[in-house]
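Okay, here's what each chain looks like letter by letter:
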Amino acid sequence: MKVITVAQQKGGSGKSTTCAILASAAVAQNLAVTILDCDTDGQIMGWRNRMEAPVGKTQGAVVPTWPATLTITRAPTSVGALYEALDTLEEEGCALCLIDTKPGSSVSTEEFMFAADLVIIPTKPKTAELTLSVNTVAWLEKCKDSVSRESAFPAVRTLLLDCPLEILRELVQMEGRKKLSALDQVAVDTLRRLPHLSVPIQTSKDLANILAYGPLPAAIAAHRAMAGQQLRVSAFEGLLAVAELLFEEVMAISPVMGRA
Amino acid sequence: MARKPPVRIAPSPVAALVEENAAFIAEAARKYREVDVETRKGAAADEAARDAARPPAAAAKAMVPLAQPVAAAPDRVPVKLFLRLSEASRERLHAAAARAQVVPRLMETALIAQCERWLKGDADAGALQRFANEAQMRVAQVRAPDAVTRMVTWKVTARLIEEAHCIAGDPGMMFAHTKVLSAFVNAYLAAEIEKGPRP
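Residues numbered from 1 in each chain as written. Chains lettered and ligands numbered in written order. Predicted model: local features only at pLDDT ≥ 70, side-chain atom pairs only at ≥ 80, totals over all residues. Heavy atoms only, no water.

A. How the structure looks around the overall build of chain A. A count of helical and extended segments in chain A gives 11 helices and 8 strands. Every one of the 260 residues in chain A was classed for burial, and the buried ones make up 53%. Counted over contacts in chain A with a minimum sequence separation of 6, partners at least 24 positions apart contribute 79%. Of the accessible surface of chain A, which amounts to about 11,100 Å², a share of 53% is contributed by carbon and sulfur atoms. (Helix = DSSP H or I, 4+ residues; strand = E, 2+ residues; numbered from the N terminus. Buried < 20%, exposed > 50% of the residue type's maximum accessible area, 1.4 Å probe, protein only. Contact = heavy atoms within 4.5 Å. Areas by Shrake-Rupley, 256 points an atom, 1.4 Å probe, with all protein chains shown as cover.)

B. Expanded view of the environment of alanine 212 of chain A. With respect to the helices and strands, the residue alanine 212 of chain A is situated in helix H9 (residues 210-213). Sequence separation between alanine 212 of chain A and alanine 53 of chain A is 159 residues, and the spatial gap between their C-alpha atoms is 8.7 Å.

C. Representation of the sheet that holds strand E1 (residues 2-6) of chain A. Residue and element names in this part refer to chain A. The 6 strands lie next to each other as E3-E2-E4-E1-E5-E7, forming an open sheet whose pairing is parallel. Because the sheet does not close on itself, it has two edges, and the strands there are strand E3 (70-74) and strand E7 (155-160). Across this sheet, the average inter-strand angle for adjacent strands is 25°, counted without regard to direction. The strands that helix H5 (residues 127-145) touches are strand E5 (118-123) and E7; relative to E5, the one it contacts most, it runs at about 165°. (Pairing = 2+ DSSP bridges. Axes fitted to C-alpha atoms, helices over the stretch in contact; angles between N-to-C directions.)

D. Seen up close, the packing of helix H4 (residues 107-114) of chain A against H5 of chain A. Residue and element names in this part refer to chain A. Contact geometry for H4 and H5: axes closest at 11 Å, N-to-C directions at 70°. Looking at the two axes, H4 sits roughly perpendicular to H5. Note on element contacts: H5 touches H4 through Trp139, Leu140 and Cys143, opposite Thr109, Glu110, Met113 and Phe114. Of the residues contributing to the contact of H4 with H5, the split by class is 5 nonpolar, 1 polar and 1 charged. (Parallel < 35°, antiparallel > 145°, perpendicular 65-115°, else oblique. Nonpolar A, V, L, I, M, F, W, Y, C, P; charged D, E, K, R; others polar.)

E. Fine view of the pattern of salt bridges. Applying the stated criterion across every chain yields a total of 9 salt bridges over all chains. One salt bridge connects lysine 144 of chain A with glutamate 141 of chain A, and the closest N-O pair in it is separated by 3.8 Å. Here lysine 144 of chain A and its partner glutamate 141 of chain A are both found in helix H5, 3 residues apart, which amounts to about one turn of the helix. For lysine 144 of chain A, a relative accessible area of 15% gives the class buried. For glutamate 141 of chain A, a relative accessible area of 41% corresponds to the partly exposed category. In this structure, the salt-bridge partner of glutamate 237 of chain A is arginine 224 of chain A, at a minimum N-O distance of 2.3 Å. With glutamate 237 of chain A in helix H11 (residues 230-251) and arginine 224 of chain A in helix H10 (residues 216-224), this residue pair connects regions lying 13 residues apart in the sequence. Judged by relative accessible area, which is 53%, arginine 224 of chain A ranks as exposed. When salt bridges that share partners are traced, they join Glu90 and Asp117 of chain A together with Arg3 of chain B into one network. (Salt bridge = Lys/Arg side-chain N within 4 Å of Asp/Glu carboxyl O.)

F. Fine view of the nonpolar core. Counting residues in hydrophobic clusters, the biggest one holds 44 residues, and the most contacted among them are Ile4, Ile35, Trp47 and Leu98 of chain A. The contact partners of tryptophan 47 of chain A, leaving out residues within four places of it in the chain, are Ala20, Ala23, Ser24, Ile35, Trp66, Leu70, Ile72, Ile210, Leu211, Gly214 and Pro215 of chain A. If you look at the next biggest cluster of nonpolar residues, it comprises 37 residues, including Leu36, Tyr83 and Leu140 of chain A together with Val14 of chain B. (Core = buried A, V, L, I, M, F, W, Y, C linked by side-chain atoms within 4.5 Å.)

G. Here's a closer look at the packing of aromatic side chains. All names here are of chain A. Under the defined criterion, the tally for this structure stands at 3 aromatic pairs over all chains. Between the aromatic rings of phenylalanine 114 and phenylalanine 153, the centroid separation amounts to 6.0 Å while the plane-to-plane angle is 75°, which identifies the pairing as edge-to-face. In this pair, phenylalanine 114 sits in helix H4 while phenylalanine 153 sits in strand E6 (residues 152-153), placing the two residues 39 residues apart along the sequence. With relative accessibility at 2%, the residue phenylalanine 153 sits in the buried group. Between the aromatic rings of tyrosine 213 and phenylalanine 236, the centroid separation amounts to 4.9 Å while the plane-to-plane angle is 70°, which identifies the pairing as edge-to-face. Taken as a pair, tyrosine 213 in helix H9 and phenylalanine 236 in helix H11 lie far apart in primary sequence, 23 residues in all. Of the residues examined, tyrosine 213 reaches a relative accessible area of 15% and is grouped as buried. (Phe/Tyr/Trp six-rings, centres within 6.5 Å; stacked < 30°, edge-to-face > 60°.)

H. Spotlight on H11 of chain A. All names here are of chain A. Here H11 contains 22 residues, and its C-alpha end-to-end distance of 31 Å stays within 8% of the 32 Å for a straight helix at 1.5 Å per residue. Buried within H11 are the following residues: Val233, Phe236, Leu239, Leu240, Ala243, Leu246, Phe247 and Val250. Taken around the axis of H11, the buried residues stretch over an arc of 140°, which confines them to a single face. Turned more than 90 degrees away from the buried face of H11, the exposed residues are Gln230, Leu231 and Glu248. (Expected span 1.5 Å × (residues − 1). Arc of directions from axis to C-beta.)

I. Seen up close, helix H3 (residues 79-91) of chain A. All names here are of chain A. Here H3 is 13 residues long and its end C-alpha atoms lie 19 Å apart, about the 18 Å a rise of 1.5 Å per residue gives. Looking at H3, one finds that the buried residues are Leu82, Tyr83, Leu86, Asp87 and Leu89. Buried positions in H3, seen along its axis, are confined to an arc of 160° and lie on one side of it. Away from its buried face by more than 90 degrees, H3 exposes Glu84 and Glu91. Packed against the buried residues of H3 are E1, strand E2 (33-37), strand E4 (96-100) and H4.

Below is the structure:
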């Protein structure tokens, strides 16, 4: 089982969205996935309810079916209970455990990071977000200094979310820097210096609303059953394809040894 | 193979921060509790005085009625509208939220908006504190411990930023204690969560 903790000091950076993206990719491959929600605003805990809520949905809309392989629970409140829960999940055949943390820096978030194989720091290409991402990476470096050399320590990667097309093009070296504003150039340079995942997630309204639509495979199936939703189905499929690329990359990353 | 926590050779960064600032955190917690009790006492009296002083016509103009569709989705009321609702409309909204067993997120959002206004100097601390108390009580009524937790976070953060401002005596230094405040908020929240939602 892979344990991934999603952490970032800034609120609204996309921690829950990252969990939703990775969970969607795991569900698409029919893998058992569990999300432990330790965020105080319970965005992920409410994912299923929001998906099924009739408010704001068009009349006659088909409500997606929640995937049987996706479980969301509250995170344990003690370190002992956390490791016990992880062992139980592993015994039950869970392939991926995602831990969605709260913003800010707290002792509990540190424990959730220590328990992971990989810590993902979602970030957006904006100065404020990147500054806090740099701080979060530095925080993890300090955490690494607090464990022995022999202990396993999670690998750390930033994930670029909400990436505008011009920055995406620059990142894959299609267009060159001259089309970027000075601030965007700084953002891209900062991002490149951080240990980052190679798959960026492009700006998308569907991504922003993923917590209202439900896991992508379920959302695709439901929208296929509705008339006039072909464009949205295509958008979801595109998003899922990116999610699966990201999933493949994160599943291949192994933890490192402490202070090594 | 069972997972094991790493072998620690030193406290983690935040744990070290809490340890280093234990005295400040304890003192801030004591001060906060004192201020909290005083504020609660003062809030009811202030509210009554304000209601008595408000001319009926002006009050009617400032408030807006609660439309039926809004009552049907109590957790989706826009913050700006919520802040302008009359007392009676807010009561209806809270009743609808309680019936639907939904977390009235608007209270959280509105509280955050109030905090931001206060930080910018557009609202006084007393108003913020009263609003925080009301929000916390209302959310507790619909039994949403997580939302209560957030209320407490904002309330304590707001109060402690004010204290930090006093300590530093300089608005530019206001956020100098942010990390300590954050550590305190975490410590305070742990205690609050253990106690459960306030009645």
